Amino acid sequence: MSTGPVSARGGPVGPPNATPSTTLQDQLVSFSDGDVIFVAQDVRFYVHKDILSQKSSSLAETITAASPVSYVYITQPLGRAKVEARVSDTAYDFNQLLRYVYGFSTPQTGDDDSDENDLNGTTPATPFSVLAAWLRLGCKYGINELADAARKQLQRLFPQTLRHWDDRVAIRARHSFEPRHAIEGFNLFRHVNEARAIPIALYMVCQLEPAILLTGTTRADGRPERLSVRDRVLVYEARRELARHGAKLVGACAMFERSEGCHSDEQSRCSAVMHELQHGAQEEKKALLAGDPLDRAFLDYICGLEVSSCWDARGREDDLHVECDGACTPCVRETADFWVELREIVWRDLPRIAGVEEKVYYY
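Fair warning: this is a prediction, and the values are worked out from it, not measured in the lab. (Residues numbered from 1 in each chain as written. Predicted model: local features only at pLDDT ≥ 70, side-chain atom pairs only at ≥ 80, totals over all residues. Heavy atoms only, no water.)

Student: Even after reading the chapter, I still don't get the packing of helix H9 (residues 181-191) against helix H10 (residues 198-206), so can you show me in this structure?
Tutor: Packed helix pairs are characterised by how far apart their axes lie and by the angle those axes make with each other. For the pair H9 and H10, interaxial distance at closest approach is 9 Å and the crossing angle is 150°. Here H10 runs roughly antiparallel to H9, going by the angle between their axes. Considering only the axes of H9 and H10, their crossing is left-handed. When H9 is examined against H10, the residues Ala182, Ile183, Phe186, Phe189 and Arg190 are found in contact with a partner set consisting of Ile198, Ala201, Leu202, Met204 and Val205. Split into classes, the residues belonging to the contact of H9 with H10 amount to nine nonpolar, no polar and one charged. (Axes fitted to C-alpha atoms, helices over the stretch in contact; angles between N-to-C directions. Helix = DSSP H or I, 4+ residues; strand = E, 2+ residues; numbered from the N terminus. Parallel < 35°, antiparallel > 145°, perpendicular 65-115°, else oblique. Left-handed = near helix turned anticlockwise from the far one by under 90°. Contact = heavy atoms within 4.5 Å. Nonpolar A, V, L, I, M, F, W, Y, C, P; charged D, E, K, R; others polar.)

Pasting the structure below:
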């Protein structure tokens, strides 16, 4: 039995004794000695019924119900295959499933060490399109190990804590995740009833341009991804809710005041900073008013006003004459903590906005 997939371009992807495939799918998992043919879209996968049956009872039932092969491609001998089974999956998704079944793609565990490696860029990252395929077909065919591994990695792209949300940028880049993929993620989580991921997926969808919300996007396999009419209405309502949250956050700036532990040599300096945070920093507040209340630009601005940060800058520049207008550590840190609490209020309201508060008890 051959032991590796073959490339549509004629070269072996696995061991050198694998027979080249004649399909158009790159890195197709197909074997010259496969005894069953799976057909997804127009792509035929010559595979081994024993291997697939061991991984999934659902696939085993599909094979049992398969029909005799009615014809043979002239360019590819029939070999041992006597039956073929048609599946409704895309060729891309089914190929990703087979790559897992045959051990050519191994899901990461998604544990804390993997998360840290992901941030440091020391381990390969599975593209979002592959993770989505794994979750779709892992759930469909009852391959729980694959579905669970996909869930854990998707949690990095659709975080379920505010702290992980703030760390998402570097991780997304490594998983080839683009903002438009939020629609596919949202629809996928709806489909597999992954309720805890729906709130932040909806939030991400709400940040997309209106044109994308109306026309949708395209998956890696070429299949269109669009929001249902019901979900477009949900997004419209959610955007209004998020805009209200943003307006409340900006309004809460009026509550900023100096800390009781203010130890600035010139307390007027801290007062001036509080006044600036209340009435200024319009650029940093712009996203909040535009319906992105979890944007952290304003929080970063607050943290950057600490006098100690200015002293650090002076040290790096080796110039003690650098002018630095900032506030003392107690004033800045209490203000930052207050702002974090306000963002947490928004975060905890996301399940209600998404209409899944009865399924998500803690967020």
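Moving on, there is more to tell.
Student: Looking at this structure, I do not really get the sheet that holds strand E4 (residues 83-87). What am I missing?
Tutor: Backbone hydrogen bonds are what pair the strands of a sheet, in a parallel or an antiparallel way. Here four strands make up an open sheet; going across it, the order is E2-E1-E4-E3 and the pairing mixed. Edge positions in the open sheet fall to strand E2 (43-47) and strand E3 (67-68), since each of these has one partner strand only. For strand E1 (residues 36-40) and E2, the ladder comprises five bridges, and the chain directions are antiparallel. Bridge pairing in E2 links Ala40 to Val43. Packing against the sheet, helix H3 (residues 91-101) makes contact with E1, E2 and E4, and its axis sits at approximately 15° to E2. (Pairing = 2+ DSSP bridges.)

Student: Would you mind showing me how to read the nonpolar core here?
Tutor: The tendency in soluble globular proteins is for nonpolar side chains to be buried as a group. Ranked by size, the top nonpolar core spans 95 residues in total, and within it Phe38, Phe45, Phe94, Phe158 and Trp339 carry the most contacts. If one sorts the elements of this core by residue count, helix H17 (residues 329-354) sits on top with 10 residues. Listed in part, the five residues of the second largest apolar core include Val39, Tyr46, Val69 and Ala81. (Core = buried A, V, L, I, M, F, W, Y, C linked by side-chain atoms within 4.5 Å. Buried < 20%, exposed > 50% of the residue type's maximum accessible area, 1.4 Å probe, protein only.)

Student: Help me understand helix H2 (residues 57-64), please; the structure alone is not making it clear to me.
Tutor: Residues lying three or four places apart along an α-helix face the same way, a consequence of the helix completing one turn every 3.6 residues. When we look at burial in H2, the residues that qualify are Leu59, Ala60 and Ile63. Buried positions in H2, seen along its axis, are confined to an arc of 105° and lie on one side of it. Opposite the buried face of H2, by more than 90 degrees, sit the exposed residues Ser57, Glu61 and Thr64. For H2, the elements touching its buried residues are E1, helix H1 (49-55) and H3. Capping the start of H2 is the job of one residue whose side-chain oxygen sits 3.2 Å from the backbone nitrogen of Ser58: Ser56. (Arc of directions from axis to C-beta. Polar contact = N/O pair within 3.5 Å; in protein donor to acceptor, adjacent residues only side chain to side chain.)

Student: Sorry if this is basic, but what is going on with the pairing of E2 here?
Tutor: Regular strands place side chains that alternate from one sheet face to the opposite one. The buried fraction of E2 amounts to five of the five residues, a majority that puts the element mostly inside the structure. Hairpin geometry of E1 and E2 is characterised by an intervening segment of two residues between the two adjacent antiparallel strands and by a positive phi of about 55° at Gln41.

Student: Looking at this model, I keep getting lost on the environment of His245. Mind explaining?
Tutor: Examined against the element boundaries, His245 turns out to sit in helix H12 (residues 229-252). With a relative accessible area of 11%, His245 lands in the buried category. Distance from His245 to Asp349, taken between C-alpha atoms, is 9.6 Å for residues 104 residues apart in sequence. Every residue in contact with His245, bar those within four places of it in the chain, is listed here: Pro293, Val346, Asp349 and Ile353.

Student: Got a minute to help me understand the pairing of E1 in this structure?
Tutor: By the criterion of burial, E1 is predominantly enclosed, with five of the five residues buried. Burial along E1 is two-sided: Val36, Phe38 and Ala40 and Ile37 and Val39, pointing in opposite directions, are all buried. Note: E1 against E4, five bridges, orientation parallel. If you follow Ala40 over to E4, its bridge partner there is Val87.

Student: I would appreciate a short explanation of the packing of aromatic side chains in the present structure.
Tutor: The relative placement of two aromatic rings is captured by the distance of their centres and the angle of their planes. For the coordinates displayed, the defined rule picks out 14 aromatic pairs. Ring centres of Trp165 and Trp347 lie 6.4 Å apart, and the angle between their planes is 50°; on these two criteria the pair is classed as tilted. Placement of Trp165 in helix H7 (residues 162-166) and of Trp347 in helix H17 is noted, with a sequence separation of 182 residues between them. Assessed through its relative accessible area of 1%, Trp347 is described here as buried. (Phe/Tyr/Trp six-rings, centres within 6.5 Å; stacked < 30°, edge-to-face > 60°.)

Student: Where do I start with unusual backbone geometry in this structure?
Tutor: Excluding glycine, residues mostly have negative phi values, and the peptide bonds linking residues are mostly trans. Of note in the backbone geometry, Asn193 takes a positive phi value of approximately 60° without being a glycine. On the secondary structure map, Asn193 appears in the loop between H9 and H10. Here Ala281, not a glycine, exhibits a phi torsion of approximately 55°, which is positive. Among the secondary structure elements, Ala281 is positioned in the loop between helix H13 (267-279) and helix H14 (282-289). Look at Ala281 and you get buried, because its relative accessible area is 8%.

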